[in-house]
Amino acid sequence: MGNLVGSLRYREPSTVEECDSTWETDSERDELQEQQPGDHINITEPSNEANSKEADQESANIQNNDTQESAPKLKRSFYAAKDLYKYRHSYPNSKEHRQPSEYQNLRFYLNAIPLVPDGIYIEEILTKWKGDYEQLEHNHNYIQWLFPLREQGLNFYAQELTQDEIKEFQGSREAKRRFLLAYTVMLDFFGLKLLDKNGNVARAANWQDRFQHLNESQHNYLRITRILKSLGELGFESFKAPLVKLLLEEAFVEETMPKMKHSALEYFVYTIRIRKERRVLLRFAQLHYQPPEHFIWGPPKKRKPGAKLYCTQEKNTASAKPTREAVSKNTASLHASSDSSTGRTENNRSDKTENENQAKTASPASTDGQVCTTEDTFVSEGERASKNGKASVANKQKHANFKKKPG
């Protein structure tokens, strides 16, 4: 029985590609299944507190290193892909033993207990902290309480959410009302405002100062990632795409926050559980990404169906030997077209040399140094020679030899 259970367990993803299902062809049912918070997928490697600390530090380093001038060749972060894979699949292999009386996140939002260690109640934050940007910027204890997750944050006094607590939270009108108010407090801190109950957002009156601050204060990108995750956990999944779309517009189109570009693509987009929405956002970003050839979040490149595969020699083909069949074929054609008169010996030698040289360059070698390309990118040897100015000389020589036929 134990072996049967073990065989049904899923393997933990080991590559970025295994973590990212954005560009897979899937059905609506598959997408909805990925969206369900209770969709458990068991993995073989359990998480622990030490790994969580290390992961938080790595995430901070990755997101805080965003700059306008990115490295010429970017590489996707496996940590980011794996972290967000686990989030979208409701933290596989997580263990929950907490009793209902320990629902500290729900009790905090019901104003029954203060956050620890500061001893501040939720109502005080909602009524006094809005617009207090110094407090919101420099206090690092409140964010885990305002936006709880099913993972340990940097404030270890804050408790992780559980599945049962999420259900209780979503069933509490008072808790959800305060949660949305907390969201508006943070939006205002970022220079944004909530427009409606669908989650649409726009620039606030203070957007210029706040965007400038957000562009420079990059530890807030970690906060945005956490807020997006928490929105999805507590029943506001539909609020995430409008926020991410606006941040992409500001970063790529308006360029008010250019240093946010990498975090927006590597983290913000991938908090969204619905694949179609991720695809729409990534295609939008790709339209404005510079240089476009360095965009690494798009679909994997595929060879066109039906395209023929050709092999052409690289520049260092001097050491590549022509095949025996190619040499024999060219030699036979030389003998067949040669004149029997002795007066054309020098011309025959010239023709033979020219054809042997062509055989060396045009014949596909069976040794190393060949490049295979598809039909749409194939360039013939004649075209390449023409570009180098060599084809016209060879053609003139052939034309001259042709004129020497005896009358």
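For clarity, every value in this text was computed on a predicted model and none was experimentally measured.

### Quick notes on the overall build of the protein
- Helix and strand content of the protein: 20 helices and four strands.
- When each of the 407 residues of the protein is scored for burial, the buried share is 42%.
- Residue pairs at least 24 apart in sequence account for 74% of intrachain contacts in the protein once pairs closer than 6 positions are excluded.
- Within the structure as shown, the protein displays about 23300 Å² of accessible surface, and the carbon and sulfur contribution to it stands at 50%.

### What to know about the pattern of salt bridges
- Overall, the coordinates contain 14 salt bridges when judged by the stated rule.
- For Arg-76, the salt bridge is made with Asp-20, and the minimal N-O distance between the two is 2.9 Å. A residue pair is termed long-range when its members are at least 10 positions apart, and Arg-76 in the loop between helix H4 (49-64) and helix H5 (78-88) and Asp-20 in the loop between helix H2 (16-19) and helix H3 (28-35) qualify at 56 residues. Both residues of the pair, Arg-76 and Asp-20, count as buried.
- A salt bridge links Glu-151 to Lys-229, with the nearest nitrogen and oxygen atoms 3.3 Å apart. Of this pair, Glu-151 sits in the loop between helix H9 (143-146) and helix H10 (163-170) while Lys-229 sits in helix H13 (residues 220-233), placing them 78 residues apart in sequence.

### Considering helix H12 (residues 207-216)
- Within H12 the residues assigned to the buried category are Arg-210, Phe-211, Leu-214 and Asn-215. Within H12, the buried residues cover an arc of 135° as seen down the axis, which keeps them to one side. Exposed and facing more than 90 degrees away from the buried side of H12 are Gln-208, Asp-209 and Gln-212.
- Of the surrounding secondary structure, the elements contacted by the buried residues of H12 are helix H8 (133-138), helix H11 (173-190), strand S1 (192-194), strand S2 (201-203), H13 and helix H14 (240-253).

### Things to note about the packing of H12 against H13
- Here H12 crosses H13 at 100°, and the two axes come no closer than 8 Å. If you check the angle between H12 and H13, you find them roughly perpendicular. Contact residues: His-213, Leu-214 and Asn-215 in H12; Asn-220, Tyr-221 and Ile-224 in H13.
- Split into classes, the residues belonging to the contact of H12 with H13 amount to three nonpolar, three polar and no charged.

### Digging into the packing of aromatic side chains
- Enumeration over the complete set of coordinates arrives at 18 aromatic pairs.
- On the numbers, 6.3 Å between centres and 75° between planes, the contact of Tyr-87 with Tyr-91 is edge-to-face.
- Exposure remark for Tyr-87: the relative accessible area of 0% places this residue in the buried category.
- With relative accessibility at 8%, the residue Tyr-91 sits in the buried group.

What counts as what
Residues numbered from 1 in each chain as written. Predicted model: local features only at pLDDT ≥ 70, side-chain atom pairs only at ≥ 80, totals over all residues. Heavy atoms only, no water. Helix = DSSP H or I, 4+ residues; strand = E, 2+ residues; numbered from the N terminus. Buried < 20%, exposed > 50% of the residue type's maximum accessible area, 1.4 Å probe, protein only. Contact = heavy atoms within 4.5 Å. Areas by Shrake-Rupley, 256 points an atom, 1.4 Å probe, with all protein chains shown as cover. Salt bridge = Lys/Arg side-chain N within 4 Å of Asp/Glu carboxyl O. Arc of directions from axis to C-beta. Axes fitted to C-alpha atoms, helices over the stretch in contact; angles between N-to-C directions. Parallel < 35°, antiparallel > 145°, perpendicular 65-115°, else oblique. Nonpolar A, V, L, I, M, F, W, Y, C, P; charged D, E, K, R; others polar. Phe/Tyr/Trp six-rings, centres within 6.5 Å; stacked < 30°, edge-to-face > 60°.

No statement about biological role is implied by the geometric values presented.
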